[in-house]
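Given next are the chains, with one letter for each unit.
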Amino acid sequence: MIVDTLALVGTGLIGGSFALALKQAGAVRQVLGVGRNPVSLARAQQCGLIDRAVDWVEAGQADCILLALPVGETEAVLRQLVPHLKPGAIVTDAGSTKLNVVDAARAVLGVRVADFVPGHPIAGSEQSGPDAARADLYRGKKIVLTPLAETRADALEIVKALWQATGAQVETLDAAQHDRVFAAVSHLPHLAAFALVDELAQRADGDTYFRLAASGFRDFTRIAGSSPEMWRDIALANKAPLLAELDAYLLTLQTLRAAVSAEDGAALLNMFSRARTARENWMNSQDV
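Our subject in this report is the structure included herewith.

Thresholds applied
Residues numbered from 1 in each chain as written. Predicted model: local features only at pLDDT ≥ 70, side-chain atom pairs only at ≥ 80, totals over all residues. Heavy atoms only, no water. Helix = DSSP H or I, 4+ residues; strand = E, 2+ residues; numbered from the N terminus. Expected span 1.5 Å × (residues − 1). Buried < 20%, exposed > 50% of the residue type's maximum accessible area, 1.4 Å probe, protein only. Contact = heavy atoms within 4.5 Å. Core = buried A, V, L, I, M, F, W, Y, C linked by side-chain atoms within 4.5 Å. Pairing = 2+ DSSP bridges. Axes fitted to C-alpha atoms, helices over the stretch in contact; angles between N-to-C directions.

### Brief notes about helix α1 (residues 13-25)
Under the 1.5 Å per step criterion, the end-to-end length of α1 is 18 Å for 13 residues, consistent within 8% with the ideal 18 Å. By the burial criterion, the buried members of α1 are L13, G15, G16, S17, F18, A19, L20, A21 and L22. The secondary structure elements touched by the buried residues of α1 are β1 (3-9), β2 (28-34), β4 (64-67) and α6 (153-165). Immediately downstream of α1, the backbone of G26 shows phi near 70°, a positive value.

Here it is, written out as structure tokens:
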């Protein structure tokens, strides 16, 4: 057992899967749930994600508290928790952006920021809620931790051990580098998928396009089924890196458009071949 009591703020796919995996691994004895939605908490208990729902006072007495919620809510939730944190309690998160989360932690936690371990599991689904949680969600997936300079070494090791118990592979990055990387490989693709689906949906004959769309469209746009609220928060929280990636992508699209307009088959073939090779290299590295 790594910790006796875990508290979840957010008992949906991310938090619920974390709890299920830890229970299955015998890494935690008790899981508590706290939040503003009693229906969701009740469902989480029915699904076996949490053992019981508690208030903020009791949640603060847990050994480790995972914030699995939209990143825009981080500061408000920390303000609820901080008066009740027992000495040595570790707080970690699962947000998709890190600099804004770190800023919120510094603003609210004060000296207790040493107990904070920012994290981001690179796993998920377009599904959400307690019913979407599953124990194998993190198996073989990466989790990126972005510890602060002040983060206690033992707190970092405990959070690392918890994620490893879920089957995840743990890496560490600087928070700013994390946000730059994921603006490109996660945030931009989500925005592109949302934009394409929305553009087609706004057409007068949009129904025809969706009726005839097949597997390629489904695969590319799968992530547009994700939570709009969560991705709104991510886009705003990671504004500067995301704008840089959008500009770079728009420039590439303009290059692509120019090649199509000029019927420049060689340029198209070069771009497509480079992209295919890069993707194949990436896919092969995932199999190692």
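### What to know about the nonpolar core
If you look at the biggest cluster of nonpolar residues, it comprises 36 residues, and the most contacted ones within it are L6, L8, F18, L145 and W163. If you list the elements that add at least two residues to this core, you get β1, α1, β2, α2 (38-46), β4, β8 (142-145) and α6. Those residues in contact with L6 that lie beyond four places of it in its chain are F18, A19, L22, V28, Q30, V31, L32, A62, C64 and L66. Membership of the second largest hydrophobic core comes to 29 residues, among which are A62, L109, F116 and A175.

### Some remarks on the sheet that holds strand β9 (residues 169-172)
On the basis of which strands lie adjacent, the open sheet formed by 3 strands has the order β7-β8-β9 and mixed pairing. In the strand order of this sheet, the two ends are held by β7 (119-122) and β9, each with one partner. Across the sheet, the mean angle separating the axes of adjacent strands is 25° when strand polarity is ignored. Against the sheet, α6 contacts β7, β8 and β9, and its axis sits at roughly 170° relative to β8.

### Concerning the environment of I90
One can find I90 in strand β5 (residues 90-93). Separated by 110 residues in sequence, I90 and L200 have C-alpha atoms that sit 46 Å apart. Look past the residues within four positions of I90 in its chain and what remains in contact with it is D63, C64, I65, D115, V117, R152, A155, I158 and V159.

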